[in-house]
Every structure is written in C-alpha cells, then in structure tokens.
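Notes for the structure review
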Amino acid sequence: AQSVAQPEDQVNVAEGNPLTVKCTYSVSGNPYLFWYVQYPNRGLQFLLKYITGDNLVKGSYGFEAEFNKSQTSFHLKKPSALVSDSALYFCAVRDGGASNFGNEKLTFGTGTRLTIIP
Amino acid sequence: NAGVTQTPKFRILKIGQSMTLQCTQDMNHNYMYWYRQDPGMGLKLIYYSVGAGITDKGEVPNGYNVSRSTTEDFPLRLELAAPSQTSVYFCASRPGLSYEQYFGPGTRLTVT
C-alpha cells in the first residue's frame, strides 16, 4: 500500500525567509510525486512533480522540491516566502511501476497549512 | 477554455435523498476522477475513468455511482444520501501523457 506523510499540520514563516514543507512517502514501485496547493474555497492547483531525472524539480510561483530516494522524501521549498504563499499544501504519490489502468490511485497527504507572517 | 467545471457549488440533502454531481472538462482529457475531501484529511479517490465507457472504483466507492458516456462529462451519483457523505467533492482530469491532475472548484455537500 502506498502512503504519504506530512508531519507538520502548520508551518509559520516570516515573509522573506526561506520555507520548507516536509513530505515523506512509501510506495512499492517507482514513486511519481506531486505537490498541490489549495487556496480557500478553491480546488487544488498543481505546483510541481517528480517523475524521473534530476532530483531537484522546479515548479510554479518559485517553488522547488528535492527528491531524496534514500530518505523517501520530497520536501517543498522556496528561497523567499511571500504573504501570498499562505495556503494549504498537499503532497501526493502514485506508483509509477504498475500499469496505468490498474494504478490510477493518487494518494494524498493530510496537508500542511502554510502561513507567511508579514 | 474553462478547464474543469462542477455544479452545483453547494447542496444540502436530506437523508435518503439522491442527487447527481456534475463534472465537465473541455481539455479533451481521457482520465477523469472524483475525490472527496473531509476536514483535516487528504483527498480520497471515489471513482475514476480512463476514457468514455470505462470506469473503475477507487478507495471509497460505496454509496456512489458513476458513468462516462462522453469524454467531457463524468457525473457522480449519490443514491440514498447518508450523513457520512457530507464532504467537499472534487472532480479532476488529466491528459493521457502527463500525470498532473487538473481540479474543479468543488461541490460542498451537506447531508442532514
């Protein structure tokens, strides 16, 4: 069974400081990893993904994430936080090793609420 | 290009009533999904479809049904609504060659 853990329910960061939102995963095959952001009363928006290749992936709004296979982690980072980054962030994983039809399950973490303090 | 649209935005149902949540996408995506989001939880997959006429169960399918007669539409049917189905429901889609999903704005459903 695949799973995602986001160990922090809430992260507070001062504006202009670097931010990190943590994610660890468990999957039997190759991990396909994603970060989504959710603003109040909105659907989820895709930020970035890791499928294969370079361990450091860059995404929307200046966010990046580093895939670490040995630590089974995929932490989200940004060098300088903005107040507009305040939102709910979800990490998700799917098993890239199985056939597509039998493995459409995308498992989400429980989310981390990021608050950027002016 | 509206993306993924969902109707209604809000709905209150009485126990035992039925309703259909509508989902339409205009991106010609083959894959479509229904999720529910409960407070403090991640999203749980209810049903998904890999193309018109093909659907399959996700993690939490009990109490729901789906159909996919066209590429654009993927309605979710609730039969005999129960309080446990109070949730926010999201529809999503993705193209065949890419794995990121595009989400609709959600339907907030309350069953009392």
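Now for a quick tour of the structure.

What counts, and where the lines are drawn
- Position numbers for residues count from 1 along each chain, tracking the sequence in the order it is written.
- Naming scheme: in the order in which they are written, chains are lettered from A and ligands are numbered from 1.
- The predicted origin of the model limits local features to residues at a pLDDT of at least 70 and limits the giving and counting of side-chain atom pairs to 80 or more, whereas totals for whole chains, interfaces and linings rest on all residues.
- Just so you know, side-chain values use all the structure's heavy atoms and leave hydrogens and water out.
- By definition, residues are in contact when any of their heavy atoms lie within 4.5 Å.
- Salt bridge, as applied in this entry: a Lys or Arg side-chain nitrogen positioned within 4 Å of an Asp or Glu carboxyl oxygen.
- As used in this structure description, the phrase polar contact means that two N or O atoms lie within 3.5 Å; if the pair is within protein, one of them must be able to donate a hydrogen and the other to accept it, and residues adjacent in sequence are counted only when both atoms belong to side chains.
- What counts as a helix is a DSSP run of H or I of at least four residues, what counts as a strand is a run of E of at least two, and both are numbered from the N terminus.
- Cysteine sulfur atoms that pair up within 2.5 Å are treated as a disulfide.
- The buried label goes to any residue with under 20% of its type's maximum accessible area, the exposed label to any with over 50%, and the partly exposed label to all in between, with areas taken from a 1.4 Å probe on protein chains only.
- The aromatic pairing rule takes the rings of Phe, Tyr and Trp, using the six-membered ring of Trp, and pairs them if the centres are within 6.5 Å, calling planes under 30 degrees apart stacked, those over 60 edge-to-face and the rest tilted.
- The rule is short: NZ of Lys or CZ of Arg within 6 Å of the ring centre and within 35 degrees of the ring normal puts a charge over the ring.

Re the interface of chain A and chain B
With 21 residues of chain A at the interface, the matching set in chain B holds 24 residues. If you look at where chain A meets chain B, you find 2 salt bridges. Across the salt bridge formed by Glu59(B) and Lys105(A), the nearest N and O atoms sit 3.7 Å from each other. At the junction of chain A and chain B, the tally comes to 4 residue pairs in polar contact (both at pLDDT 80 or more). The set of elements that each furnish at least two residues to the side of chain A that touches chain B consists of strand 5 (31-38), strand 6 (44-50) and strand 10 (87-95) of chain A.

Some remarks on the environment of Asp54(A)
Structurally, Asp54(A) is set in the loop between strand 6 and strand 7 (56-58). Measuring from C-alpha to C-alpha, the distance between Asp54(A) and Leu106(A) comes to 22 Å, with 52 residues separating the pair along the chain.

What to know about the state of the cysteines
Within this structure, the stated rule accounts for 2 disulfides over all chains. The disulfide partner of Cys23(A) is Cys91(A), and the gap between their sulfur atoms is 2.0 Å. Its S-S torsion of approximately -65 degrees makes the covalent link between Cys23(A) and Cys91(A) left-handed. Here Cys23(A), found in the loop between strand 3 (19-21) and strand 4 (24-26), pairs with Cys91(A), found in strand 10; they are 68 residues apart in sequence, far enough to count as distant. Here the two residues Cys23(A) and Cys91(A) agree in accessibility, since each one is buried. Across the disulfide from Cys23(B) sits Cys91(B); the S-S distance is 1.8 Å. Its S-S torsion of about -70 degrees marks the bond between Cys23(B) and Cys91(B) as left-handed, since a negative value means left-handed. Of the two residues, Cys23(B) is situated in strand 3 (residues 19-25) and Cys91(B) in strand 9 (residues 87-94); the sequence distance between them amounts to 68 residues. With relative accessibility at 0%, the residue Cys91(B) sits in the buried group.

Structural notes on the packing of aromatic side chains
Taken as a whole and assessed by the stated rule, the structure comprises 15 aromatic pairs over all chains. When the centroid spacing of 5.9 Å and the interplanar angle of 70 degrees are considered together, the rings of Tyr36(A) and Phe46(A) count as edge-to-face. Highlighted residues: Tyr36(A) in strand 5 and Phe46(A) in strand 6, separated in sequence by 10 residues. On the basis of relative accessibility, which here comes to 24%, the residue Phe46(A) falls in the partly exposed class. Their ring planes at 85 degrees and their centres at 6.4 Å tell us that Phe90(A) and Phe108(A) sit as a pair that is edge-to-face. Placement of Phe90(A) in strand 10 and of Phe108(A) in strand 11 (residues 107-108) is noted, with a sequence separation of 18 residues between them. Here Phe90(A) matches Phe108(A) in class, with each residue buried. Counting every residue linked through ring pairs, the aromatic cluster contains Phe34(A), Tyr36(A), Phe46(A), Phe90(A), Phe108(A), Tyr33(B), Tyr35(B), Tyr48(B) and Phe103(B). Positioned over the ring face of Phe63(A) is Lys78(A), at 5.0 Å from the centre of the ring. The ring of Tyr31(B) has Arg94(B) sitting right over it, with the charged end atom 3.8 Å from the ring centre.

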